[in-house]
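# Results of the structural survey
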Amino acid sequence: MCLAIPGKIIEISSDNPDTALIDVVGVRRKVDLGLLQDDRPVAGDWVLIHVGFAMSKISEQDAAEQMETLRMLGESEAAVQEVRGYGLDEPSNRPWDGRNRVEDLE
Amino acid sequence: MAHGAGGQASRRLIEGLFAPILFGASAEPLTDAAHVKFDGAQLAITTDSFVVKPIRFPGGSIGELAVNGTANDLAVSGARPEALVVTYIVEAGLRSEILEAEVRAMGTAAQKAGVRIVGGDTKVVEHGKADSMYITTAGIGRALKGVVIDPASVKPGDKILVSGPIGDHGITILLARGELDLEADLTSDTRSVFPLVEVLVRAAGPGVRWMRDPTRGGAATSLNELARDCGLGIVLQEEEIPVRDAVRGACELLGLDPLHIANEGQFLAVVAPEYADAAINALNLTLGGEDARVIGEVREQPTGAVLISTRYGGSRIIDMLVGDPLPRIC
Amino acid sequence: MRFVDEFRQPELIARAAEEIRRLADPTRHYRLMEVCGGHTHAIYRFGLKDVLPDNIELIHGPGCPVCVLPMGRIDDGMSVAQDPNVIFAAFGDMMRVPGTHGSPLEHKARGRDVRIVYSPADALKLARANPDKHVMFFAIGFETTAPSTALTVLRAKAEGVRNFSVFCNHVTIIPAIRAILDSPDMRLDAFIGPGHVSTVIGCRPYEWIAQNEHKPIVVCGFEPLDLLQSIVMLLRQLKAGEAKVENQYKRVVPWEGNRAALRAMGEVFQLRSFFEWRGLGFISQSALRMRDEFSEWDAEQRFSIPGIRVTDPKAAQCGEVLKGVLKPHQCKLFGRECTPEHPIGALMVSSEGSCAAYFNYEHRKQAMVNILSPTA
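Residues numbered from 1 in each chain as written. Chains lettered and ligands numbered in written order. Predicted model: local features only at pLDDT ≥ 70, side-chain atom pairs only at ≥ 80, totals over all residues.

### Quick look at the overall build of chain B
For clarity, the cut-off: Helix numbering and strand numbering both begin at the N terminus, where a helix is a DSSP run of H or I of at least 4 residues and a strand a DSSP run of E of at least 2. Values of the radius of gyration come from C-alpha atoms, whereas the globule rule sets the reference at 2.2 Å times the count of residues to the power 0.38. Residue burial is a threshold on neighbouring C-beta atoms within 10 Å of the residue's own C-beta, all placed from the backbone, with 20 or more meaning buried, 12 or fewer meaning exposed, and counts in between meaning partly exposed. Note on contacts: each residue gets a C-beta atom placed from the backbone, and two residues are in contact if those atoms are within 7 Å.
Along chain B, the regular secondary structure elements total 8 helices and 15 strands. Relative to a compact globule of 330 residues, whose C-alpha radius of gyration would be 20 Å, chain B shows 19 Å and is just as compact. Seen through its C-alpha atoms, chain B measures out along the principal axes to roughly 60 × 55 × 40 Å. Across the 330 residues of chain B, 55% fall into the buried class. Restricting to contacts in chain B with at least 6 residues of sequence separation, those with at least 24 account for 84%.

In C-alpha cells:
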C-alpha cells in the first residue's frame, strides 16, 4: 500500500489533461492525474506516484523546511549546553555537572 | 518456473538433481566453466542456453547474449575464450529474416569477442514451443597461466570488486517486455568481459581468488554462492556499488533491488587486499572499466551470508533470489 | 533522486539518531508500532534498528494488505482465473501468495493467463487490447490504492469497456488500528502513522487515537530521515506526557486529505458490513465493495465466486504476529515449515510481511555479534 515515488511532470498530454508524462531520474511513465483534479499540477511540478496515479503534489517548501529542521537537530541542544556553561542560569535550578566553569569552554 | 530464475530454486535443481547424477561423488563447488586437463594442456569448457524474451532489445539480442554469455563464463573461470558451437531451436513459422538477423548478430559479436564459431545445429519445433527461438552455445577456452579460481582460497580481508554498473540488462529486458509501460534510456550491457578480465589478471594475477559473471539472480546470488562456498562472510558498502540513475529509478518505482537484477556484461572478482588498488586503477584506465569499484570485503562473519551496510551504520542481509524479481506496489 | 536522496544523508541520519538517544529515557522501554507494512520494509531496508537505542522497540503492525487477506479470497480469485477466457491481472505482490491450490504464479505455470500489472489502469488497457477475453483485476490495498481502482472503474464505465471487472479486496486502516488497540495483549506507547494512506484520508481520522486512547501518533514518510524524525517527535510527546496527531510527512500529506480521491472512492465503493481479516477475525465496516451501479464491473457479481472460508493451519500464528503480540521467530513454523521459499502464510511472502522482512533481513543477523562498528 505504500510504495510511492516522487516524480517530475515533464508534460501534460495535449489530448487528455488527466494524463501526464513523468520522469524519475530518467525513467518515464504516463501517470493518471485524475486524483489531483481539484488542484491540477502543471509541467515542472513534482508529484507522488503510486500504481501509476499521482496522489499528491510535493511541496518543495515543506521539504526545504523539513531539511532545515533536520539540520538543526542537536544543534539547538549544543547551543543550550554552551549557554548553560556561561553560568547565566539561576544557581538554584542548575545542577552541578562539572562544566559550569569558563575554563571548560573551548 | 522459479527454477530457471537463477536463484535458490535453480541452485537446488542443479545441486539436488543434476550434480549427483552427472558429477558423481565430486564435492567440488559448481563453477561457471569446467577446467579439464589434456596431455598437459588445460582447457575450459562450458555451455549455456538463452531463452530471453523479447529476442531483440535495446543494446542487443538473444544472439549476442549467446556469444557473450558463454565467452564470459569462460573468462571468469580464468580462461581465454577461443571457440563456440551453437544450436538454434527455432519455432516453426518464424520469419527467416529474424533467424538471419540473429545469426549475423552472433557473427558480429563473435568477431568483437575474438572467438570463432566453429559449428552448430538447428532444430525446428512446433509453433508456440520456443518463444521465437532458443539458442544454446557451448564454448572452449584456454586456461590463463597463473590464475587459479578457487573459493577455498578466499580469505578474510580480501576485497570484492565489480567491473561496472549493475542492473542494466535485467531492467532493459523488463522495460522491453512492455508490460509495465516504463521507458528509459537504458541498454543491455551485453559484451565480452574478457578484455577486462585480462587487465585484472595482469594487474593482480596471483591475488585473484574468484570471479563470476552475475547473470540471472544478480550480484546478490553470485555473492551468496561465494559466501556459501568459502564459508566466510561478505560485507558490501551500499554507497560504493555503481548503479546507473535510470536503473535506480526503475528499481525504486517497481520496488526492486539492483543486486537481484541480471547483468550480461559485468563480472565480480575477489582480490587479495594488497592487489586491490592496482586492480581497480588498471580497470578504470581501460575502456569499459571506468566504473569498476571495490564494493566490499570478505570477513569471518556473517558466515555464509552477505551483509550490506550503509555509511550511517545501518545494515541488512542480502539474500539470494527466490524466483524472478517481481515488481511490487506495497 | 530528488525528494529521496536528501532524506538519506548519512550525516543527518547520525544527528537524528543522536537526538533519539538523547531523548530516550534509559529507564524506560518504548514500544512504538509502525502500522504500515511499507514502514516495516523501510526499517529493514535501511537497517534503522542498528541506529536506534536498545530500549526503543519497533512493533510491526497489520498494515500489509497482502498479509491480512484470508486464503479463501485468493482461492476465490483463482477460481475465476480457471476460465480460459479470463485474464487474471494483479500486482506483483500477489503473485507468490499461497492459495489452497497454489499461488497465482503457480497457476500461471500450469497454463492459466495470469499477468502482473503495475497499475489498475494497465489492467484496463489489457481489457481494451483483448476484446475477446475478460480481464479481472484482483484489487488489493488500503485507502492509498482504492482511489486508483475507483478511478479506473469510472473510466471503464465512461468508455463502455465491458470485458473488465474488479475483484475488490480493498480494506480500510482505521478498523485495523482499532483492532490492535482493543487487543488485550497489546501494550503500545505510540504509533508511527501510515504515510501514503494519509495522503488520501488526511490526518483527522487518527484523532481518536490521541484523544480517546491517549497515544501519540505521527504521520510519517518512508525515507530514513522521515522515520527517525517521527521517532524524535514521538519521544518528545511521550516525554512531555502529550498525546496528539502530528504530521511529519507534510511535504506530501495534506491534513485534510485528498478530496478528489475520497470522492472517487465514495462514488464507486461502499463499506461492507463486515470482512474477514486474516489473523484479526471479522471486523465490521472495514472493507470496500463496489456499489450496485457498478455491478457490471464487480467480479463478485459477474462471476460465481465459491466464497469458501479457508482457515489457517492451527500451528500457524499469523494472527499474533500481525497484531505484534508475537515476533516472527516466535511462531512455531517460522524458518521451519514456513520460509520465503515455501510460505504457509502471507506474512512470509509479502515484501512487507513482518515474517519475510525478519527472515530476509534480521534473523541471521541475530546470530552475529559485533560485525560492524557503527560509523557515525
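There's more to say after this.
### Examining the overall build of chain A
A tally of helices and strands in chain A yields 2 helices and 5 strands. Start at the N end of chain A and walk to the C end: the helices and strands fall as β-β-β-β-β-α-α. Evaluated residue by residue, chain A yields a buried proportion of 34% over its 106 residues. Of the contacts formed within chain A by residues at least 6 apart in sequence, a portion of 25% connects residues at least 24 apart.

### Regarding the packing of helix 2 (residues 62–76) of chain B against helix 3 (residues 96–113) of chain B
All names here are of chain B. We count it as follows: Axes here refer to lines fitted to C-alpha atoms; in helices the fit is confined to the stretch in contact. Angles between the N-to-C directions go from 0 to 180 degrees. With the far helix as reference, a near helix turned anticlockwise by less than a right angle produces a left-handed crossing, and one turned clockwise produces a right-handed crossing. Three classes are used, and their members are as follows: Ala, Val, Leu, Ile, Met, Phe, Trp, Tyr, Cys and Pro are nonpolar, Asp, Glu, Lys and Arg are charged, and the others, Gly among them, are polar.
Where helix 2 meets helix 3, the closest approach of the two axes is 7 Å, and the angle between their N-to-C directions is 30 degrees. Crossing handedness for the pair helix 2 and helix 3: right-handed. Counting all contacts with helix 2, which are made through I62, G63, E64, A66, V67, N68 and A71, the residues of helix 3 involved are E102, V103, A105, M106, A109, A110 and A113. When the residues that make up the contact of helix 2 with helix 3 are grouped by side-chain class, the tally is 10 nonpolar, 2 polar and 2 charged.

### Concerning helix 10 (residues 224–240) of chain C
Residues and elements named next belong to chain C. Definition in use: To estimate the expected span of a helix, count its residues, drop one, and scale the result by 1.5 Å.
Between its first and last C-alpha, helix 10 extends 24 Å over 17 residues, near the 24 Å set by a 1.5 Å rise per residue. With 14 of 17 residues buried, helix 10 is to be regarded as a mostly interior element. Just past helix 10, the residue G241 takes up positive phi, approximately 70 degrees.

### Focus: the interface of chain A and chain C
Facing the 32 residues of chain A at the interface are 44 residues of chain C. Elements that contribute at least two residues to the side of chain A that touches chain C include exactly strand 4 (46–50), strand 5 (53–57) and helix 1 (60–72) of chain A. Per-element tally for the side of chain A that touches chain C: the top contributor is helix 1 of chain A, with 6 residues. Split into classes, the residues belonging to the side of chain A that touches chain C amount to 19 nonpolar, 8 polar and 5 charged.

### Examining the packing of helix 6 (residues 146–159) of chain C against helix 11 (residues 259–268) of chain C
When two helices pack together, their arrangement is given by the angle between their axes and by how far apart the axes lie. Residue and element names in this part refer to chain C. Using the following cut-off: When an angle is under 35 degrees it counts as roughly parallel; over 145 it counts as roughly antiparallel; between 65 and 115 it counts as roughly perpendicular; any other value is oblique.
Running from N to C, helix 6 and helix 11 point in directions that differ by 60 degrees, and their axes come no closer than 8 Å. Accordingly, the angle class assigned to the pair helix 6 and helix 11 is oblique. The handedness of the crossing between helix 6 and helix 11 is left-handed. Residue-level contacts link A146, P147, A150, L151, V153 and L154 of helix 6 to A261, A264, M265, E267 and V268 of helix 11. Of the residues belonging to the contact of helix 6 with helix 11, the class tally is 10 nonpolar, no polar and 1 charged.

### Some points on the confidence of the model for chain A
All names here are of chain A. The condition that has to hold: A residue's pLDDT is the predictor's confidence in that residue, given on a scale from 0 to 100.
In this model, chain A carries a mean pLDDT of 82, and residues with pLDDT of at least 70 account for 70%. Within chain A, the lowest mean pLDDT, 64, falls on helix 2 (residues 75–85), and the highest, 98, falls on strand 5. Confidence drops under a pLDDT of 50 for residues 92–106, and excluding neighbours within four residues, the segment shows 10 contacts in the predicted structure.

### Some words on the interface of chain C and chain B
Contact residues are listed per partner, giving 42 residues for chain C and 30 residues for chain B. Of all the secondary-structure elements, those providing two or more residues to the side of chain C that touches chain B are helix 1 (10–23), helix 2 (37–45), helix 4 (104–109), strand 4 (114–116) and helix 14 (354–366) of chain C. Looking at the side of chain C that touches chain B residue by residue, the classes come out as 24 nonpolar, 9 polar and 9 charged.

### Structural notes on the sheet that holds strand 13 (residues 293–299) of chain B
Residues and elements named next belong to chain B. Let me state the cut-off plainly: At least two DSSP bridges between two strands are required for those strands to pair.
In spatial order, the strands read 10-12-8-13-11-14-15; together these 7 strands make up an open sheet with mixed pairing. Edge positions in the open sheet fall to strand 10 (208–212) and strand 15 (315–318), since each of these has one partner strand only. For this sheet, the mean inter-axis angle between neighbouring strands, taken without regard to orientation, is 25 degrees. Inspection of the sheet shows strand 8 (residues 159–162) paired to strand 13 by 4 bridges, in the antiparallel sense.

### Points about the confidence of the model for chain B
Should the pLDDT be low somewhere, the predicted coordinates at that spot are not to be read in detail. Mean pLDDT over chain B stands at 92; residues scoring 70 or higher make up 96%. Quick note on the complex model: pTM equals 0.91, ipTM equals 0.93.

### Points about the sheet that holds strand 7 (residues 190–193) of chain C
All names here are of chain C. Here we have 5 strands laid out as an open sheet, ordered 2-1-7-8-9, and parallel in their pairing. Lying at the two open borders of the sheet, with one neighbouring strand each, are strand 2 (56–63) and strand 9 (245–247). Between one strand axis and the next, the sheet turns by 20 degrees as a mean value, whatever way the strands run. Helix-sheet contacts for helix 2 involve strand 1 (30–36), strand 2 and strand 7, and the interaxial angle to strand 1 is about 120 degrees. Contacts between helix 7 (residues 173–182) and the sheet are confined to strand 1 and strand 2, with strand 2 contributing the most and set at about 130 degrees to the helix.

### Topic: the pairing of strand 4 of chain A
Residue and element names in this part refer to chain A. With 5 of its 5 residues buried, strand 4 lies for the most part within the structure. Bridge analysis of strand 1 (residues 5–12) against strand 4 gives 4 bridges, and the strand direction is antiparallel. Directly across from P6, in strand 4, lies its bridge partner L48. Here strand 4 pairs with strand 5 via 4 bridges, running antiparallel. Residue pairing across strands places L48 opposite S56, the latter belonging to strand 5.

### Here we look at the nonpolar core
As a reminder of what qualifies: What makes a nonpolar core is a set of buried Ala, Val, Leu, Ile, Met, Phe, Trp, Tyr and Cys residues, with links drawn between C-beta atoms within 7 Å.
Membership of the largest hydrophobic core comes to 259 residues, with the highest contact counts inside it found for L200(B), A250(B) and A89(C). Take this core: its biggest share by element is 9 residues, from helix 10 of chain C. Not counting the four nearest positions on each side in its chain, A250(B) is found in contact with V27(A), I171(B), L175(B), L182(B) and A184(B).

### Points about the environment of D213(B)
All names here are of chain B. With respect to the secondary-structure elements, D213 resides in the loop between strand 10 and helix 6 (218–230). What makes D213 buried here is the crowd of 24 C-beta atoms within 10 Å. Sequence separation between D213 and E290 is 77 residues, and the spatial gap between their C-alpha atoms is 18 Å. Here D213 is in contact with D32, N72, D73, V76, V193, Q266 and F267, once residues within four sequence places are set aside.

### Things to note about the domain arrangement of chain B
Many authors give the size of an interface as the accessible area that is lost as the parts come together. Residue and element names in this part refer to chain B. Here is the rule: For the domain bounds, the source is a domain assignment made automatically or taken from a database.
Entries for chain B in the domain assignment read domain 1 (30–143) and domain 2 (151–318). For domain 1 and domain 2, the distance between their C-alpha centroids amounts to 23 Å. At the interface, 20 residues of domain 1 touch 20 residues of domain 2. Mapped onto the side of domain 1 that touches domain 2, the elements with two or more residues apiece are helix 2, strand 5 (79–91) and helix 3. For the side of domain 1 that touches domain 2, the element with the most residues is helix 2, which contributes 9 residues. By residue class, the composition of the side of domain 1 that touches domain 2 is 10 nonpolar, 5 polar and 5 charged.

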